[in-house]
Amino acid sequence: FGSKDFSVTWLFLGDSFTVSMAAKLTTLFLSIGQHAIVKAHVGWSTTSWLADDRAETAIQKYQPDFVVYVLGTNDVSEQVLFQQHVKQLLDIGSGAVVFWIGPFGSDDAERGRWAEEVVEEQYIDGLSACEGLPRGRDGLHLTDASYGVLAERLADELLERAYYLY
């Protein structure tokens, strides 16, 4: 996890994967002088972020430089609805650079490809980021140690991209 010479605020919105990476992400970003705020809940999806204006409220409250939507299987289960949600979420971005990560499930490779096509830019393939990491008993979620490694991989990728965008 390398040092970058700029100080910004990151807002991560996600589901159970994000919950499991929250402490590691905040610690990693804080260690290089960046602020990471994680708003996540098990089962949340793009529908949840739009419900009751959760995403918009968080973006207005924290005024992040970067918003990271961590997509789960629930997000990419219905392509047309997902396309509508992406447009709505981009519209409320408030000038922040938006990144998309996911999905992470081994059964999500096909849905990940069309999710990448929908968001077009600043997409990070969550399934590839999980490569080689042990999964838990349910076959979807990772082990606790694996979430730490995943957080480091994603943080490195995000910082590398952000450095050139900011």
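See the structure above.
Thoughts on the sheet that holds strand E2 (residues 35–40)
Strands sit in the order E2-E1-E3-E4-E5 across an open sheet of five strands; the sheet is parallel. Strands at the two margins of the open sheet, each flanked by one partner only, are E2 and strand E5 (123–124). Packing against the sheet, helix H3 (residues 54–62) makes contact with strand E1 (9–14), E2 and strand E3 (66–70), and its axis sits at approximately 165° to E1. Against the sheet, helix H7 (residues 144–165) makes contact with E1, E3, strand E4 (97–101) and E5, and its axis sits at roughly 150° relative to E4, the strand it touches most.

Concerning the pattern of salt bridges
In this structure the tally under the stated criterion is four salt bridges. Residue Asp91 pairs with Lys87 through a salt bridge whose shortest N-O separation is 3.2 Å. Of this pair, Asp91 and Lys87 both sit in helix H4 (residues 79–91), separated by four residues, roughly a single helical turn. As a salt-bridge pair, Glu110 and Arg113 come within 3.3 Å of each other at their nearest N and O atoms.

Side note on the side chain of Gln122
Its place among the elements puts Gln122 in the loop between helix H5 (109–119) and E5. The contact partners of Gln122, leaving out residues within four places of it in the chain, are Val98, Phe99, Trp100, Arg161 and Leu165.

Examining the environment of Val38
As for its position among the elements, Val38 is in strand E2. In this structure the C-alpha to C-alpha distance between Val38 and Ala23, which are 15 residues apart in sequence, comes to 8.7 Å. Every residue in contact with Val38, bar those within four places of it in the chain, is listed here: Phe12, Thr18, Ala22 and Thr26.

Notes on the packing of H4 against H5
Relative orientation of the contacting elements H4 and H5 amounts to 35°, with a least axis distance of 10 Å. In terms of crossing hand, the pair formed by H4 and H5 is right-handed. On H5, the residues that touch Gln79, Phe82, Gln83 and Val86 of H4 are Trp114, Ala115, Val118 and Val119. Taken together, the residues of the contact of H4 with H5 sort by class into six nonpolar, two polar and no charged.

A few points about the packing of aromatic side chains
Throughout the structure, instances matching the rule amount to twelve aromatic pairs. Considering the side-chain rings of Trp10 and Phe66, the 4.5 Å spacing of their centres and the 20° angle between planes classify their relative orientation as stacked. Residue Trp10 is located in strand E1, and its partner Phe66 is located in strand E3; the two are separated by 56 residues in the primary sequence. Residues Trp10 and Phe66 agree in their burial class; the two are buried. Members of the aromatic cluster, each reached through a chain of ring pairs, are Trp10, Phe12, Phe29, Phe66 and Phe99.

Considering the packing of helix H1 (residues 16–31) against H7
Closest axis-to-axis distance for the H1/H7 pair is 9 Å, and the angle between their directions is 60°. With respect to H7, the element H1 is oriented oblique. For the pair H1 and H7, the crossing hand works out as right-handed. Across from Phe17, Ser20, Met21, Lys24, Leu25, Leu28 and Phe29 in H1, the residues of H7 making contact are Tyr147, Gly148, Leu150, Ala151, Glu152, Leu154, Ala155 and Leu159. Its residues placed into classes, the contact of H1 with H7 shows eleven nonpolar, two polar and two charged.

Thresholds, definitions, all that
Residues numbered from 1 in each chain as written. Predicted model: local features only at pLDDT ≥ 70, side-chain atom pairs only at ≥ 80, totals over all residues. Heavy atoms only, no water. Pairing = 2+ DSSP bridges. Helix = DSSP H or I, 4+ residues; strand = E, 2+ residues; numbered from the N terminus. Contact = heavy atoms within 4.5 Å. Axes fitted to C-alpha atoms, helices over the stretch in contact; angles between N-to-C directions. Salt bridge = Lys/Arg side-chain N within 4 Å of Asp/Glu carboxyl O. Left-handed = near helix turned anticlockwise from the far one by under 90°. Nonpolar A, V, L, I, M, F, W, Y, C, P; charged D, E, K, R; others polar. Phe/Tyr/Trp six-rings, centres within 6.5 Å; stacked < 30°, edge-to-face > 60°. Buried < 20%, exposed > 50% of the residue type's maximum accessible area, 1.4 Å probe, protein only. Parallel < 35°, antiparallel > 145°, perpendicular 65-115°, else oblique.

Remember that the coordinates give geometry; whether it matters functionally is a separate question.
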